[in-house]
Amino acid sequence: MTDNSDNFAALMKQAQAGDQRAYTELLQETSRLLRPFLAKRLSFTNEVDDLLQEILISIHKARHTYDGNRPYKPWVYAIARFRLQDHLRAHYSDQLHHADDLSEIEETLQSDVTESAISYESISGEVEKLPEKQATILRMMHQEGYTAREVAEKIGMNESAVKVAAHRAYKVLRKKLEE
Amino acid sequence: MADIDKLIDKLAQDGTAIKPAHHPILLSIEWIMVAVFYLAIAFMLSGFRTDLSLKLHETWFVAELAALAGILVATSLSAALLSFPDLHQMRRVALVPALTFALFALVMFFAWRADSPPTPPPVHSVECTLSITMLAVLPAVWIFFVMRRFASTHHYWAGSIALLSAFSVGAIWLRLYEQTDSIMHVIDWHYLPMIAIGILGMWLGKVVLKW
């Protein structure tokens, strides 16, 4: 553990001296270190990748604030936590912003299903074309009648991630149905 | 994954040699020196209160000045630590301003009790707050300018402490310049506005210290 930390600190010192190879190695190791930390806290792989990129850029911008005389990991985790909080704040405020939208779309979809112009089969067909996870969520919520919370419990995701996935699926479906 | 590898290559190419930032203690000493220099210029222009030599024999006046100086030192150190993402791994030291503010409140309480019968307040009031604020503008600009070169991960806290540090410079100046003995006036118009300044600092921190 200490050896590993010392290695990070040594790489950073070399990087600060202009050694690009050491810097590449440091960023690769840091990326490996942070990936599980982010994956535990975020539901989607693409979110993890996006945030990891943001964190690496932040490390690059803030690398002068590390002097090599203190452990590297607390420094890098402080940056990672900061960016993660930023990301989650933006994510939840976005969700709040779209909360009305979401219920509107759900209502529209539900009313559309009962109208004769759009058959259940046509929607069901489109649902099957969605990515597996989104399709499962919609099936469970709209065919089997589970709530978002129940779906989250059944498939081992958190509730907000289920709602986000459903929201994305509704967007795709709405586009398809409008075509 | 491929995107991350590409990004790492790009960042490594940009990774020219850089000089690590100074230790936060050195940074805070630098800020305090700038504040002392600024105060010296302010006194050269404004002069001191005429009864200063007498006032320096009063225990609670000296204690008040010492506590204000303590706030300046503690907030400068804390602001310097808060400029680093990990607070230079000295989180407890960053909390020292809470202690100095508590000590300051205690000193003001005893000074208020000692002011008996109470000295009548001067005719002016908010002018004092405005004077302190005006004098604090330059130190505030300076401290935020320096902090922006770092990478704070505690915008609200850092902004608040930085602005309080600048305000304490103005408060020291006015206490040594204005010939007022009314403790109630000093509390109401010199020190209570610090609460509003702290809140304003939070907002400024959020806006200015983004990176």
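### Description of the overall build of chain A
Argument step 1. Along chain A, the regular secondary structure elements total nine helices and zero strands.
Argument step 2. Listed N to C, the secondary structure of chain A is α-α-α-α-α-α-α-α-α in terms of helices and strands.
Argument step 3. Of all intrachain contacts in chain A linking residues separated by at least 6 positions in sequence, the fraction that spans at least 24 positions is 62%.
Argument step 4. If you sum the accessible surface of chain A, you get close to 9700 Å²; carbon and sulfur atoms cover 49% of it.

### Section: the packing of aromatic side chains
Argument step 1. Throughout the structure, instances matching the rule amount to 13 aromatic pairs over all chains.
Argument step 2. Between B:Phe104 and B:Tyr191, the ring centres sit 4.7 Å apart and the planes meet at 85°, which makes this aromatic pair edge-to-face. A residue pair is termed long-range when its members are at least 10 positions apart, and B:Phe104 in helix α6 (residues 96-114) and B:Tyr191 in helix α9 (residues 183-191) qualify at 87 residues.
Argument step 3. Among the residues examined, B:Phe104 registers a relative accessible area of 6% and is labelled buried.
Argument step 4. What makes B:Tyr191 buried here is its relative accessible area of 6%.
Argument step 5. Cluster of aromatic residues (ring-pair linked, three or more members): A:Phe8, A:Tyr66, A:Tyr72 and A:Trp75.

### Quick look at a nonpolar patch on the surface
Residues and elements named next belong to chain B.
Argument step 1. There is a patch of nonpolar side chains on the surface, built from Trp60, Leu103, Leu106, Phe109, Phe110, Trp112 and Met184 and spanning about 650 Å² of accessible area.
Argument step 2. Per-element tally for the nonpolar patch: the top contributor is α6, with five residues.
Argument step 3. Position of Trp112 among the secondary structure elements: in helix α6.

### Some remarks on the packing of helix α4 (residues 59-82) of chain B against helix α8 (residues 155-177) of chain B
All names here are of chain B.
Argument step 1. Between α4 and α8, the shortest axis-to-axis distance is 8 Å and the interhelical angle comes to 155°. In terms of axis orientation, α4 runs roughly antiparallel to α8. Judged by the sense of rotation from one axis to the other, the crossing of α4 with α8 is left-handed. Between α4 and α8, the residues in contact are Phe61, Glu64, Leu65, Leu68, Ala69, Ile71, Leu72, Thr75, Ser76, Ser78, Ala79 and Leu82 and Trp157, Ala158, Ile161, Ala162, Leu164, Ser165, Ser168, Val169, Ala171, Ile172, Arg175 and Leu176, respectively.
Argument step 2. For the contact of α4 with α8, the per-class residue count stands at 17 nonpolar, five polar and two charged.

### Re the pattern of salt bridges
Argument step 1. Enumeration according to the criterion identifies 15 salt bridges over all chains in this entry.
Argument step 2. Note that A:Asp67 and A:Arg70 form a salt bridge whose closest N and O atoms lie 3.1 Å from each other. A single burial state applies to A:Asp67 and to A:Arg70, both of which are buried.
Argument step 3. In this structure, B:Lys55 engages B:Asp181 in a salt bridge whose closest nitrogen and oxygen atoms are separated by 2.7 Å. Of this pair, B:Lys55 sits in helix α3 (residues 52-55) while B:Asp181 sits in the loop between α8 and α9, and the two are 126 residues apart along the sequence.

### Overview of the environment of B:Glu178
Residues and elements named next belong to chain B.
Argument step 1. By the secondary structure assignment, Glu178 is in the loop between α8 and α9.
Argument step 2. C-alpha separation for the pair Glu178 and Leu52, spaced 126 residues apart in sequence, amounts to 9.8 Å.
Argument step 3. If we skip the residues at most four places from it in the chain, Glu178 touches Arg49, His124, Cys128, His185 and His190.
Argument step 4. Within the structure, the side chain of Glu178 is placed 2.3 Å from the side chain of His124, a separation counted as a polar contact.
Argument step 5. At 3.0 Å, the side chain of Glu178 and the side chain of His190 are in polar contact.

### Things to note about helix α2 (residues 24-46) of chain B
Residues and elements named next belong to chain B.
Argument step 1. Across its 23 residues, α2 extends 32 Å between first and last C-alpha, which sits within 8% of the 33 Å expected from 1.5 Å per residue.
Argument step 2. On the buried face of α2, the contacting elements are α4, α7 (126-147) and α8.
Argument step 3. Directly after α2, the chain includes Gly47, whose backbone phi takes a positive value near 80°.

What counts, and at which threshold
- Residues numbered from 1 in each chain as written.
- Chains lettered and ligands numbered in written order.
- Predicted model: local features only at pLDDT ≥ 70, side-chain atom pairs only at ≥ 80, totals over all residues.
- Heavy atoms only, no water.
- Helix = DSSP H or I, 4+ residues; strand = E, 2+ residues; numbered from the N terminus.
- Contact = heavy atoms within 4.5 Å.
- Areas by Shrake-Rupley, 256 points an atom, 1.4 Å probe, with all protein chains shown as cover.
- Phe/Tyr/Trp six-rings, centres within 6.5 Å; stacked < 30°, edge-to-face > 60°.
- Buried < 20%, exposed > 50% of the residue type's maximum accessible area, 1.4 Å probe, protein only.
- Patch = residues over 30% accessible without salt bridge, like charges linked within 9 Å, V, L, I, M, F, W, Y side chains within 5 Å.
- Salt bridge = Lys/Arg side-chain N within 4 Å of Asp/Glu carboxyl O.
- Axes fitted to C-alpha atoms, helices over the stretch in contact; angles between N-to-C directions.
- Parallel < 35°, antiparallel > 145°, perpendicular 65-115°, else oblique.
- Left-handed = near helix turned anticlockwise from the far one by under 90°.
- Nonpolar A, V, L, I, M, F, W, Y, C, P; charged D, E, K, R; others polar.
- Polar contact = N/O pair within 3.5 Å; in protein donor to acceptor, adjacent residues only side chain to side chain.
- Expected span 1.5 Å × (residues − 1).

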